[in-house]
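What the coordinates show
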Amino acid sequence: GESVGLHLPTLSVQEGDNSIINCAYSNSASDYFIWYKQESGKGPQFIIDIRSNMDKRQGQRVTVLLNKTVKHLSLQIAATQPGDSAVYFCAETPPSAGGTSYGKLTFGQGTILTVHP
Amino acid sequence: DAGVIQSPRHEVTEMGQEVTLRCKPISGHDYLFWYRQTMMRGLELLIYFNNNVPIDDSGMPEDRFSAKMPNASFSTLKIQPSEPRDSAVYFCASSSSGTGADTQYFGPGTRLTVL
């Protein structure tokens, strides 16, 4: 039979444009969220994180927004560059329960970002 | 600073053979994670350790898979016997509870092909 893989959402932008990548997370009790960037042939690379007591956090050219009401996370990349082309994953972690769930991340399926020069 | 180190970077083996993947976490990190990534299933957590002790192995697919962490600077993931459906990229990651954050840092991965 024909194999079926994950169909990742894709986003194509022009160099210099701003990019917004969205993620719906699953656990309303999650209290820590991370965005990772994965380039072809490499491991996921940490970009930015946010705790559930915040709704916005800014880094260098990146901003993460958290909307706990609708369990939505977004990553905004300003002045997108060709080097930003990669797969972007959001990840969530539930609150620690006696340390048993510390550090156990649940990853989203990812979004492919393609930046055209 | 050296990041997470994995070896080998690529492994090609035949069905039925034993495969051992190796990982050296970032020095001082007390958590170590093994993940598998495929096009079909995305990134899956297999097992993780805290202070060299396995905490959660619920993601290990079956008894053919085993993982050990004999000391704070070394871990192995073994598949015996290997099967073609084990073909994937295997990542090791580490994190430090001392920073108060759960950020995991990933190695470059081992691409395993089982023929």
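Residues numbered from 1 in each chain as written. Chains lettered and ligands numbered in written order. Predicted model: local features only at pLDDT ≥ 70, side-chain atom pairs only at ≥ 80, totals over all residues. Heavy atoms only, no water.

Let's shift gears to the state of the cysteines. This structure, assessed with the given rule, holds two disulfides over all chains. Between C23 of chain A and C90 of chain A runs a disulfide, and the two sulfur atoms are separated by 1.7 Å. Placement of the pair is C23 of chain A in strand β2 (residues 19-24) and C90 of chain A in strand β8 (residues 86-93), with a sequence separation of 67 residues. Classification of C23 of chain A as buried rests on a relative accessible area of 8%. Put simply, C23 of chain B and C92 of chain B are joined by a disulfide, and their sulfur atoms are 1.9 Å apart. For the disulfide bridge between C23 of chain B and C92 of chain B, the dihedral angle about the S-S bond is near -65°, and by the sign convention the bridge is left-handed. Of this pair, C23 of chain B sits in strand β3 (residues 19-24) while C92 of chain B is found in strand β9 (residues 88-95), placing the two residues 69 residues apart along the sequence. (Disulfide = S-S within 2.5 Å. Helix = DSSP H or I, 4+ residues; strand = E, 2+ residues; numbered from the N terminus. Buried < 20%, exposed > 50% of the residue type's maximum accessible area, 1.4 Å probe, protein only.)

Turning our eyes to something else, we now look at the pairing of strand β11 (residues 110-114) of chain B. All names here are of chain B. The alternating pattern of β11 places T110, L112 and V114 on a buried face, while none of R111 and T113, on the opposite face, is buried. Taken together, the three bridges between β9 and β11 define a ladder with antiparallel strand orientation. Considered in β11, the bridge of Y90 is made with T110. (Pairing = 2+ DSSP bridges.)

All names here are of chain A. Read from one edge to the other, the open sheet built from four strands follows the order β2-β7-β6-β5, with strand pairing classed as antiparallel. Across the chains shown, the open sheet's two edge strands, defined by having one partner strand only, are β2 and β5 (56-58). Shown here is a sheet whose adjacent strand axes are inclined to one another by a mean of 15°, direction ignored. Bridge count for strand β6 (residues 62-67) against strand β7 (residues 72-77) is six bridges, and the pairing is antiparallel. Across the sheet, the residue bridging to L65 is S74, located in β7. (Axes fitted to C-alpha atoms, helices over the stretch in contact; angles between N-to-C directions.)

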